[in-house]
Amino acid sequence: MDKEKREHPEELTSSDQDYSRTEIPETTETDEHTASDKASDAYENTYQENRVADKEIKDHRQEEIPLSPLTGEQRYAGFWMRFWAYIVDLIVVFSLTGLIVKPFTMIDSFREATLWLWSVSGLLGGVIFFAYFLFMTKWRGQTLGKMIFGLRVIRKDGERLSWSDTLIREVVGRFIHRLLFLFFLYAVVAFTPRKQGLHDMFADTLVIHE
């Protein structure tokens, strides 16, 4: 019978014809390897992109936060460095106050004028004191005293100082020290891990070496 089918192919049964027309799909190992390679390439590309993005963020942070050239770490300014910088700033403030307020004190009515419990000349001196620290820190991140000793005020997260940060640190923090005569609290700088004063803690700031 098989011989007849080979000799007369037109006489194949319908079931044989259906079977002969059916193609069995073949799954090759090449297709499987190709799909695997594509998935691997996609994962590798994503990994490389994430590494590049992380590196850019890290480089950006390092540009904003000065690091020690020797250790590659932040060098926090200690108590004595900040003390001497503050002394220089006081000299600058007293000089400005003398230049601006002194001429008015020659007027008797001005010298004797008071506002609440303070004299007008004393209030003007206070305004000059706070304005100096506020605007110099916001503008440069450092006062003249800090410039001389190579110090700078930064935020803990490395971002640029905002007006709210500067107001809290330079006005509210210093006002509490001066109003309550708690100057000795500046000594807190010597005992905190990152050399922060109370006004630094209020504003989440640090003072570092440039």
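Small disclaimer: the values here were computed from a predicted structure and weren't measured.

Asks: Which residues make up the overall build of the protein, and what are the values?
Replies: If you tally the helices and strands in the protein, you get nine helices and four strands. Element order for the protein, N to C, with α for helix and β for strand: α-α-α-α-α-β-β-α-α-β-α-α-β. Among the 210 residues that make up the protein, the fraction classed as buried is 27%. Looking at the protein alone, contacts between residues at least 24 apart form 68% of all its contacts between residues at least 6 apart.

Asks: Now, about the pairing of strand β4 (residues 205-209): what can you tell me, with residues and values included?
Replies: Counting buried positions along β4 yields five of five residues, so the element is predominantly enclosed. Burial of β4 is two-sided: the residues T205, V207 and H209 facing one way and the residues L206 and I208 facing the other way are all buried. Relative to β4, strand β3 (residues 151-155) runs antiparallel, the two sharing five bridges. By the bridge assignment for β4, I154 is matched with L206.

Asks: Summarise the confidence of the model for the protein; cite the residues concerned and give the values.
Replies: Overall, the predicted model of the protein reaches an average pLDDT of 75, with 57% of residues at or above 70. In this model residues 1-25 is a low-confidence stretch, pLDDT under 50, and it forms four contacts with partners more than four residues away in sequence or in other chains. The model gives residues 67-72 a pLDDT under 50, and that stretch makes six contacts with residues more than four places away or in other chains.

Asks: Run through the environment of D204, naming residues and quoting values.
Replies: Looking at where D204 falls in the secondary structure, it is placed in the loop between α9 (198-203) and β4. D204 sits 50 residues away from I154 along the chain, and the two C-alpha atoms are 8.8 Å apart. Aside from chain neighbours lying at most four places away, what touches D204 is I154, R155 and K156.

Asks: Account for a nonpolar patch on the surface, naming residues and giving values.
Replies: Judged by side-chain polarity, I168, V172, I176, M201 and F202 come together as a nonpolar surface patch covering roughly 380 Å² of accessible area. Counting residues per element, the ones that place at least two in the nonpolar patch are α8 (163-179) and α9. Per-element accounting of the nonpolar patch gives the leading share, three residues, to α8. Counting through the fold element by element, I168 comes out in helix α8. Classification of I168 by relative accessible area gives partly exposed; the value is 32%.

Conventions adopted
Residues numbered from 1 in each chain as written. Predicted model: local features only at pLDDT ≥ 70, side-chain atom pairs only at ≥ 80, totals over all residues. Heavy atoms only, no water. Helix = DSSP H or I, 4+ residues; strand = E, 2+ residues; numbered from the N terminus. Buried < 20%, exposed > 50% of the residue type's maximum accessible area, 1.4 Å probe, protein only. Contact = heavy atoms within 4.5 Å. Pairing = 2+ DSSP bridges. pLDDT = per-residue confidence, 0-100. Patch = residues over 30% accessible without salt bridge, like charges linked within 9 Å, V, L, I, M, F, W, Y side chains within 5 Å. Areas by Shrake-Rupley, 256 points an atom, 1.4 Å probe, with all protein chains shown as cover. Salt bridge = Lys/Arg side-chain N within 4 Å of Asp/Glu carboxyl O.

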